[in-house]
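Letter by letter, the chains look like this.
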Amino acid sequence: MPGAIAGKKLANQHQDHRFLIFKDADAWLAYDKELGGGNPFYTMIGHIDGMAQDIALLEILGPSPTHAMRVLKDTAKKAGVEGNPMQSIDALWETVSGAGNGVFHPVDYTLLNRKVDKLRLGHAYSVHGITGSLGWALAPAMLVPLTLAYSWRVALVAAAVLAYAVLVLLWLQREHLSLPASAPAPARGTAADAGSFDFLKLPAVWLCFAFFFFYAGALSIVQTFAPQAARDLHAVPPALVAICLTIYMVCSACGMVLGGFLASANPERSERIVGVAFGAAAAVALGVGFAAMPAWLVPVAFGAMGFFTGLSGPSRDMLVKRATPANATGRVYGVVYGGLDIGQALVPLGVGLLMDHAQHRAVWLALALLQGVLIVGAFRVGRRGTAAA
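Reading the values: rules and limits
Residues numbered from 1 in each chain as written. Predicted model: local features only at pLDDT ≥ 70, side-chain atom pairs only at ≥ 80, totals over all residues. Heavy atoms only, no water. Phe/Tyr/Trp six-rings, centres within 6.5 Å; stacked < 30°, edge-to-face > 60°. Helix = DSSP H or I, 4+ residues; strand = E, 2+ residues; numbered from the N terminus. Buried < 20%, exposed > 50% of the residue type's maximum accessible area, 1.4 Å probe, protein only. Core = buried A, V, L, I, M, F, W, Y, C linked by side-chain atoms within 4.5 Å. Contact = heavy atoms within 4.5 Å.

### Section: the packing of aromatic side chains
Under the defined criterion, the tally for this structure stands at 8 aromatic pairs. Geometrically, the ring pair formed by Y215 and F278 is edge-to-face, given 6.2 Å between the ring centres and 85° between the ring planes. Residue Y215 is located in helix α11 (residues 203-224), and its partner F278 is located in helix α14 (residues 270-290); the two are separated by 63 residues in the primary sequence. The exposure class assigned to Y215 is buried, which follows from its relative accessible area of 13%. Judged by its relative accessible area of 2%, F278 falls in the buried class. With centroids separated by 5.6 Å and ring planes inclined at 80°, the aromatic side chains of F302 and W364 adopt a geometry described as edge-to-face. With F302 in helix α15 (residues 297-322) and W364 in helix α18 (residues 360-388), this residue pair connects regions lying 62 residues apart in the sequence. The residues F302 and W364 share a single accessibility class, namely buried.

### Structural notes on the nonpolar core
One finds I221, F302, M305, W364 and L367 to be the most contacted residues of the largest nonpolar core, which totals 34 residues. Elements that contribute at least two residues to this core include exactly α11, α12 (226-234), α13 (238-265), α14, α15, α17 (338-356) and α18. No other element matches the 6 residues that α18 contributes to this core. Every residue in contact with M305, bar those within four places of it in the chain, is listed here: Y248, A281, V284, A285, W364, L367 and Q371.

Structural measurements only, silent on function.
What follows is the structure in structure tokens.
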């Protein structure tokens, strides 16, 4: 029978008495001071939020939401939804889009390094990162309203149209993006001259790979887990939780503007800029995880983290350039930025377990630790890159 294992009804969840009776207001204040973690206002807001969720569940799924979901899931299995051919099409689409996205970083950084003057390279990295961050922040503003107003299919078509528009623009401007078929031959004995894959023997390349692995891990925590963890720690209203990531990305773009000037002014101090920036970001993360703060301050903390992370962006890319042998830019960036995808795939597996066990402080501690690893990694990459140069 579908839904044979029934869940607990909403009425039963609230039938038990959960009240502490205090002698007077002073007794409650003394109890709250010693054992409490909030204040009366946020306690009421949290209660209203919980009741609103229960009411929504009751209206949509009935008095036993868990039972209703099991019925729907079992019925879907019997109807063969889980074996729907659309799943195979979706997997194929993800594979093709991922393979197409894999060309992006080797190509764009090769163009920047070959086309842009060294004195302006920091600003070029800055603009590159700014447009990416703003696009990341604005994509939901475009796709979510289309999904709500029409359907997810309309939103996907709109995204595809936008991608094709960019492709047409690139085609029309292709003469500005062309590079010589072959670069001048490097001097004998360099890593690029030794063989197509001999650059993989350079420790700096793998240090860069590890750096981007941990960078992607930190970013995946911010994107996936940090807003909800902060909500549970500080009773943040859903409206503020919803804007945390957007604020992070917009402030990251602002930080990249300043970061471009810092990276261009003195590329040799790139590792110090990255170290200071991630040190500040880690301090903010520890503050969110372990300090008491009002709910309105949480989005501000996300903005501060985004700003410091963005500040490090151009200098981070300078570090990779210093570690790149002559005429191996595409190959090196292809390997190094592979760390981004692998980090985003693996780190959430561990942090997700922390969220499942309601270890919200541990989530923020993990974020701060990854940012601390990035500080050490930046100085290691900087030393290796200087030696390679």
